[in-house]
Amino acid sequence: MLATVIVVGSMLVGCSGTGAPDEGGFGLGALTAEDALAAFVRAGAAPERLRGTLTVRDDGCFTWSGESGDGAWIVWPDAAESDRDDGGRVVLDGGEVVSDGSALSAEGALIALADLPDGGNPDSYFGAYGGFCDAGSEGVMLLTAVAAG
């Protein structure tokens, strides 16, 4: 258990939104379209149109603020990337850059952490990252498409 805590702790060092390039840590939690579809099926959910705001917490977690899923950890479409120059920003598929406070238009749904691939395993990528970002209690806002605005 101590080894897991040490590994997870050292991985989290690169997750902070300090403006440094993302050279470590979990990276940007993302799923392919196929894996997202499988997660929706496990959750019994379907993507819907959403409007919300990106919140970047002090610990580097990207969360959703909105009418549905307020505080949920965001799992992005795999076309989204961490900004190389600022780990607190996300570069969307069309090249748009979003950061804390950015309005988002998206398609997705609120699901449980356990619905992600190995999300119920605290030693897996999604289990550890999602657990760190409170997805076990706040849920996951799984996005299949997202744009600024």
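Residues numbered from 1 in each chain as written. Predicted model: local features only at pLDDT ≥ 70, side-chain atom pairs only at ≥ 80, totals over all residues. Heavy atoms only, no water.

(A) Quick look at the overall build of the protein. Check the secondary structure of the protein and you find four helices and nine strands. Each helix and strand of the protein, ordered N terminal to C terminal, gives the series α-β-α-β-β-β-β-β-β-β-α-α-β. In the protein, the share of contacts with a sequence separation of at least 24, taken over all contacts with a separation of at least 6, comes to 69%. Accessible surface for the protein amounts to roughly 7300 Å². Of this, 51% is attributable to carbon and sulfur atoms. (Helix = DSSP H or I, 4+ residues; strand = E, 2+ residues; numbered from the N terminus. Contact = heavy atoms within 4.5 Å. Areas by Shrake-Rupley, 256 points an atom, 1.4 Å probe, with all protein chains shown as cover.)

(B) Structural context of the nonpolar core. In this structure, Leu 31, Trp 73, Val 75, Ile 111, Leu 116, Val 140 and Leu 142 are the most contacted members of the largest nonpolar core, which totals 19 residues. Excluding anything up to four places from it in sequence, Val 75 contacts Gly 29, Ala 30, Leu 31, Leu 116, Phe 126, Val 140, Met 141, Leu 142 and Leu 143. (Core = buried A, V, L, I, M, F, W, Y, C linked by side-chain atoms within 4.5 Å. Buried < 20%, exposed > 50% of the residue type's maximum accessible area, 1.4 Å probe, protein only.)

(C) Main features of helix α3 (residues 125-132). Taken together, the buried positions of α3 are Phe 126, Gly 127, Ala 128, Tyr 129 and Gly 130. Backbone geometry just downstream of α3 places Asp 134 in the positive-phi region, at approximately 65°.

(D) Region of interest: the pattern of salt bridges. If you walk through the whole model with that rule in mind, you get four salt bridges. Where Asp 59 meets Arg 57, a salt bridge forms, and the shortest distance between an N and an O atom there is 2.6 Å. Taking the relative accessible area as the measure of exposure, Asp 59 reaches 25% and is therefore partly exposed. According to the relative accessible area criterion, Arg 57 is partly exposed, its value standing at 21%. (Salt bridge = Lys/Arg side-chain N within 4 Å of Asp/Glu carboxyl O.)

(E) Local environment of a negative patch on the surface. Negative charge collects at one region of the surface, where Glu 34, Asp 35, Asp 78 and Asp 93 lie side by side. You can see Asp 93 is positioned in the loop between β6 (90-91) and β7 (97-98). (Patch = residues over 30% accessible without salt bridge, like charges linked within 9 Å, V, L, I, M, F, W, Y side chains within 5 Å. Lys, Arg positive; Asp, Glu negative; His and termini not counted. Charge placed at Lys NZ, Arg CZ, Asp CG, Glu CD.)

(F) The pairing of strand β8 (residues 103-111), seen in detail. Pairing between strand β2 (residues 48-56) and β8: six bridges, direction antiparallel. Bridging across to β8, Arg 49 finds its partner in Glu 107. Where β8 and strand β9 (residues 140-148) come together, eight bridges link them in antiparallel fashion. For Glu 107, the partnering residue across the bridge sits in β9 and is Ala 145. (Pairing = 2+ DSSP bridges.)

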